[in-house]
Structure formats: C-alpha cells, structure tokens
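# Topology and contacts: notes
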Amino acid sequence: MSFTTNKTIAMFGGKLLKLTHTAKSTSCDMNVNLYLPPQASSKKVPVLFWLSGLTCTPDNCTEKGFLQHAAAKKGIAIVYPDTSPRGLNIPGEDDAYDFGSAAGFFIDATQEPWNKGYNMYTYVTKELPEALWSSFKELDSSKVSLTGFSMGGHGALTLFLRNPTAYVSCSAFAPISNPSACQWGQKAFSGYFGEANKSKWAEHDATELVKKHRGPLELLIDVGTGDGFYKEGQLLPENFLAAAKESGNDKGVQLRFQPEYGHDHFFVASFADEHVEWHAKRLGVYDNADKQKL
Ligand SMILES: N[C@@H](CCC(=O)N[C@@H](CS)C(=O)NCC(=O)O)C(=O)O
C-alpha cells in the first residue's frame with residue numbers, strides 16, 4: 001500500500017516526510033515519519049529505525065531527539081514509526097498511558113480483543129519496511145539498523161535479538177530490558193499475551209533472548225542515572241547485562257550509565273550524535289576521521 005505525504009519539511013539539506021499509509025497488520029491507518037538525508041537524492045542510503053517509548057507518536061523523537069543532524073552528515077535515512085495502532089475502538093484502549101494506544105510494545109498480541117490489531121512486531125519488522133522499500137527506491141533495504149527509547153529500546157533489542165541477520169546494528173536509550181520482571185512489561189504482556197503464557201513473554205524479553213543468542217553481539221546501551229523509571233525498577237539494564245554475561249554474550253555489549261540524565265528527549269538528544277555515528281560505522285558509511293574516534 002502506498003503512502004500519502006501529508007507534509008514535506010526541508011531539514012539539514014535533506015527532507016522530512018510526514019506520511020500515512022493503510023496497514024493490514026494493525027487494521028488501521030498508520031502515521032510514520034521518514035527523514036531522507038541529502039545523499040538520498042543521488043544514491044541509495046542505509047536506514048535507521050527509531051522506535052519510540054510510551055505515550056509517543058512518530059513526532060516526539062522527530063522533533064526532540066536531534067537524530068537528523070548526524071544522519072544528514074552520514075547519509076542515513078531515519079524511520080520513525082508510531083507506537084501502536086490507533087482508533088480501533090477496543091474498550092479501554094485509551095484509558096492508560098502504559099497499555100493500549102501508544103503502548104503497543106512491538107509485539108503481536110495473542111489475546112482477544114488486542115489481537116485485532118496490536119501487531120506492532122509484524123508491522124515494524126515486515127509490513128512497514130516492505131511498504132517503504134517499494135515506495136522509496138532511495139532506501140537501501142540491505143542496510144537496516146535499529147535504535148529506540150524506553151519501550152522502543154525494548155523493541156530495538158528484541159527485534160534485533162529475534163532477527164540477528166535482518167539488521168546490521170542495534171543500540172538503545174534507557175530500554176525496558178527485562179519486561180517480564182517490571183511493572184510496565186508485566187501489565188503489557190498480561191494484557192497482550194495472557195498472564196499464563198510465559199513462553200510468549202520470554203520470546204519478547206531481551207534478557208531472556210540474550211541468553212539464547214549465538215554468535216557475536218554488539219550493542220550500545222545508554223541509561224541516565226537520574227532516570228526516575230530506572231530508579232523505580234522499570235528498565236533493569238543490569239538484569240540484561242548479567243544474562244549476557246552468564247551466556248558469554250557480553251563482550252560486545254556496552255552498557256553506559258550517563259550521570260544525572262533523566263528519562264526524556266534531553267537525554268536522547270545528548271547522545272543522539274554518538275548513536276548515529278556508532279551505527280554509521282557499522283553500516284559502512286563512516287569516514288576516516290570517525291574511524292579513529294570510535
Ligand atoms: N506519561 C508517563 C511517562 C511516559 C514517558 O516518560 N514516556 C517517554 C517514553 S517511555 C516519552 O518519550 N515521553 C514523551 C516525550 O518525552 O516526548 C508518566 O506520566 O509517567
């Protein structure tokens with residue numbers, strides 16, 4: 001299904017497109033933002049998917065995350081999908097900030113009534129990329145990377161660990177790293193998969209997935225020490241690192257604690273350049289100066 005372009009905004013020599021398309025997997029129209037760097041006018045460019053957190057639309061990080069500046073320099077496109085289906089008329093879908101609308105958790109729900117369209121896993125891994133590749137020939141579908149914030153950090157880690165050959169690299173900001181062991185994740189997984197369906201929970205829990213990972217693993221993860229949700233035990237990055245260590249998968253995992261940063265886009269913006277550069281190097285678009293720095 002092709003996209004409707006609602007707005008085209010000139011930015012850093014490239015353009016930001018605000019798009020809408022009809023998605024089968026989520027049973028509704030979906031908004032998505034696409035940043036095309038200046039290099040996209042003359043060649044195919046690699047693609048970085050940004051997965052957002054609870055309460056977000058595609059606009060939050062597009063407007064506050066400051067990723068486009070580095071992406072324009074490196075020649076990387078950025079895709080900002082939405083965080084859930086919208087307007088499915090499921091009772092209760094808009095009642096809480098951490099479940100239903102804007103809280104799709106990048107899973108395919110198995111429980112009624114959420115299985116009607118809460119299929120953000122299929123949407124982000126299959127339907128959206130396929131639609132983008134067929135509409136935007138300037139995107140290089142063989143060079144795709146993932147990053148995200150909070151619930152979107154959980155999305156980035158789990159999509160990457162579940163599909164190790166589909167993505168070139170993965171990083172995360174303040175990811176929900178062990179959803180089965182925190183309140184946000186337990187609420188979401190109980191609702192979308194059912195309380196008893198623990199094997200399904202494990203299939204979408206980065207801490208469980210990293211234990212089973214085989215082969216090299218590189219990840220860049222930043223967490224702010226002033227992050228209230230980290231302090232509350234919603235993120236649990238230490239559980240992820242411990243599981244990676246136990247399974248011998250920690251060597252390439254960089255978990256960095258950034259002093260005083262909070263759970264917000266000020267934090268994301270502060271490390272956006274470093275994450276984009278880290279992906280650029282792995283996507284093969286670094287220049288010699290960066291090669292020495294990273
Ligand atoms: N609204 C929630 C907080 C949710 C929240 O912090 N969401 C983060 C991602 S998990 C976010 O990006 N919020 C929107 C923004 O900062 O623009 C609350 O009141 O506790």
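Calculation notes
- Residues numbered from 1 in each chain as written.
- Predicted model: local features only at pLDDT ≥ 70, side-chain atom pairs only at ≥ 80, totals over all residues.
- Heavy atoms only, no water.
- UniProt positions renumbered as here; feature names shortened; annotations may be inferred.
- Helix = DSSP H or I, 4+ residues; strand = E, 2+ residues; numbered from the N terminus.
- Rg over C-alpha atoms; globule rule 2.2 N^0.38 Å.
- Buried < 20%, exposed > 50% of the residue type's maximum accessible area, 1.4 Å probe, protein only.
- Areas by Shrake-Rupley, 256 points an atom, 1.4 Å probe, with all protein chains shown as cover.
- Lys, Arg positive; Asp, Glu negative; His and termini not counted.
- Charge placed at Lys NZ, Arg CZ, Asp CG, Glu CD.
- 1 Å grid on protein atoms, 1.4 Å probe; cavity = no way out; pocket = protein on both sides within 12 Å on 5 of 7 lines; lining within 4 Å.
- Contact = heavy atoms within 4.5 Å.
- Polar contact = N/O pair within 3.5 Å; in protein donor to acceptor, adjacent residues only side chain to side chain.
- Near = heavy atom within 4 Å.
- Axes fitted to C-alpha atoms, helices over the stretch in contact; angles between N-to-C directions.
- Parallel < 35°, antiparallel > 145°, perpendicular 65-115°, else oblique.
- Left-handed = near helix turned anticlockwise from the far one by under 90°.
- Pairing = 2+ DSSP bridges.
- Core = buried A, V, L, I, M, F, W, Y, C linked by side-chain atoms within 4.5 Å.

Under an unreviewed UniProt entry, the protein chain has the name S-formylglutathione hydrolase and belongs to Pseudovirgaria hyperparasitica. Database annotation for the protein chain, UniProt heading Sequence similarities (unreviewed entry): "Belongs to the esterase D family." Entered under Function (unreviewed entry) in the UniProt record, the comment concerning the protein chain runs "Serine hydrolase involved in the detoxification of formaldehyde."

The subject of this paragraph is the overall build of the protein chain. What the protein chain contains, in helices and strands, is 11 helices and 9 strands. Relative to a compact globule of 294 residues, whose C-alpha radius of gyration would be 19 Å, the protein chain shows 18 Å and is just as compact. Dimensions of the protein chain along its principal axes, counting C-alpha atoms only, are 50 × 40 × 35 Å. The proportion of buried residues among the 294 residues of the protein chain is 56%. Summed over all atoms, the accessible surface of the protein chain reaches about 11900 Å², with 50% contributed by carbon and sulfur. Here the protein chain carries 29 positive and 32 negative side-chain charges, and the mean point of each set is 7 Å from the other.

Mapped onto the present numbering, the UniProt feature "active site" (unreviewed entry) falls at S150, D227 and H263. Over a stretch of 114 residues, the named residues converge on one spot in the fold, their C-alpha atoms separated by at most 10.7 Å. Annotated residues from the preceding list that form part of the lining of the largest pocket: these are S150 and H263. On the secondary structure map, S150 appears in the loop between β6 (139-148) and α4 (151-162). Here D227 shows up in the loop between β8 (218-224) and α8 (228-231). Relative accessible area serves as the criterion here: at 0%, D227 is assigned to the buried category. Apart from the residues within four sequence positions on either side, D227 is in contact with A174, L235, Y261, G262 and H263. One polar contact links the side chain of D227 to the main-chain amide nitrogen of F229, over a distance of 2.8 Å.

Further remarks concern the site of the ligand. Surrounding the ligand, one finds G53, L54, T55, C56, N60, K64, Y97, F149, S150, F229, H263 and H265. Residue K64 places a side-chain N or O atom 2.7 Å away from an oxygen atom belonging to the ligand. H265 places a side-chain nitrogen or oxygen 3.2 Å from an oxygen atom of the ligand. Considered on its own, the ligand offers 500 Å² of accessible surface; in the complex 72% of this is hidden by protein.

With that settled, the discussion passes to the packing of helix α2 (residues 67-74) against helix α10 (residues 265-282). Following both chains from N to C, one finds α2 and α10 inclined at 30°, their axes separated by 8 Å at the closest point. In terms of axis orientation, α2 runs roughly parallel to α10. You can see that α2 and α10 cross each other, and the crossing is right-handed. On α10, the residues touching L67, H69, A70, A71 and K74 of α2 are A272, D273, V276, E277 and A280.

A few words on the pairing of strand β1 (residues 4-11). Within a regular strand, the side chains alternate between the two sheet faces. Sheet analysis places β1 next to strand β2 (residues 14-23), joined by 7 bridges and oriented antiparallel. Bridged to T4 within β2 is T20.

Here the focus is the nonpolar core. Judged by nonpolar contacts, the single largest core of 92 residues is most densely connected at L34, F105 and Y192. With 7 residues, helix α3 (residues 120-135) is the largest single contributor of residues to this core. If we ignore the near neighbours within four places in the chain, the residues touching F105 are L54, T83, D98, M151, H154, I176, W184, G185, A188, F189 and Y192.

To continue, consider the side chain of T147. Within the secondary structure, T147 is located in strand β6. One polar contact links T147 to S171, side chain to side chain, over a distance of 2.9 Å. Ignoring any residue separated from it by four or fewer positions in sequence, one finds T147 in contact with L48, F49, W50, L51, G152, A156, S171, A172, F173, H275 and H279.

What follows concerns the sheet that holds strand β7 (residues 171-173). Pairing in this open sheet of 3 strands is parallel, and the strands run β7-β8-β9 from one edge to the other. Edge positions in the sheet fall to β7 and β9 (252-258), since each of these pairs with one other strand and no more. Each adjacent strand pair in this sheet contributes to an overall mean axis angle of 10°, direction not counted. Direction of pairing for β8 relative to β9: parallel, over a ladder of 7 bridges. Pairing of E218 across the sheet is with G252, part of β9. Sitting on the sheet, α4 touches β7 and β8, and the angle it makes with β8 is about 165°.

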